[in-house]
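Below are the chains, spelled out letter by letter.
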Amino acid sequence: MESKQKMAIAGSGLIVAGIGLGIVGAALIVPSVVAWTARLVEKGAEGFNDNGEGASKTIGTVAGTLHRSFSEAKRAGVAEIKRSRSDERSTG
């Protein structure tokens, strides 16, 4: 019986040692995983900023082009209205 008790105590000791080593391993791995995740988040944020800047420039270019187009259309419309009024006056 004493042999079985010694083996049980030794087995329990090995289980506790395994759990302890698991905790130590997790404690060593967690900081590196957190750093790796933070690095990925930073890279994603940088890429998002770069894409945001590109999108902002594109929107600005489109807005400028539309503004010029509407300004030119307004001038052409005003000129057409003036021409039609002058044609009405000359025929009337």
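The structure we're discussing is the one just above.
What counts and how
- Residues numbered from 1 in each chain as written.
- Predicted model: local features only at pLDDT ≥ 70, side-chain atom pairs only at ≥ 80, totals over all residues.
- Heavy atoms only, no water.
- Helix = DSSP H or I, 4+ residues; strand = E, 2+ residues; numbered from the N terminus.
- Rg over C-alpha atoms; globule rule 2.2 N^0.38 Å.
- Areas by Shrake-Rupley, 256 points an atom, 1.4 Å probe, with all protein chains shown as cover.
- Salt bridge = Lys/Arg side-chain N within 4 Å of Asp/Glu carboxyl O.
- Patch = residues over 30% accessible without salt bridge, like charges linked within 9 Å, V, L, I, M, F, W, Y side chains within 5 Å.
- Buried < 20%, exposed > 50% of the residue type's maximum accessible area, 1.4 Å probe, protein only.

Caption draft 1: The overall build of the chain, seen in detail. Helix and strand content of the chain: one helix and zero strands. Relative to the 2.2 N^0.38 estimate, which gives 12 Å for 92 residues, the radius of gyration of the chain is 39 Å and therefore markedly larger than a compact globule would have. Of the roughly 8100 Å² that the chain leaves accessible, carbon and sulfur atoms contribute 66%.

Caption draft 2: Summary view of the pattern of salt bridges. Inspection of the entire model under this criterion finds one salt bridge. Two residues, arginine 83 and glutamate 80, come together in a salt bridge whose shortest N-O distance is 2.9 Å. You can see arginine 83 and its partner glutamate 80 sitting in helix α1 (residues 2-91), three residues apart, about one turn around the helix.

Caption draft 3: Spotlight on the environment of arginine 39. By secondary structure assignment, the location of arginine 39 is in helix α1. Residues arginine 39 and glutamate 53, 14 residues apart in the sequence, show an inter-C-alpha distance of 21 Å.

Caption draft 4: Inspection of a nonpolar patch on the surface at higher detail. Taken together, Val24, Leu28, Ile29 and Val33 make up a surface patch of nonpolar side chains, about 380 Å² in accessible area. Topologically, leucine 28 is positioned in helix α1. The exposure class of leucine 28 is exposed, given its relative accessible area of 65%.

Caption draft 5: Representation of the environment of serine 32 within the structure. Tracing the backbone shows serine 32 in helix α1. On the accessibility criterion, serine 32 (44% relative accessible area) is partly exposed. Along the primary structure serine 32 and serine 84 are separated by 52 residues, whereas in three dimensions their C-alpha atoms are 77 Å apart.

That's the geometry; what it means functionally is another story.
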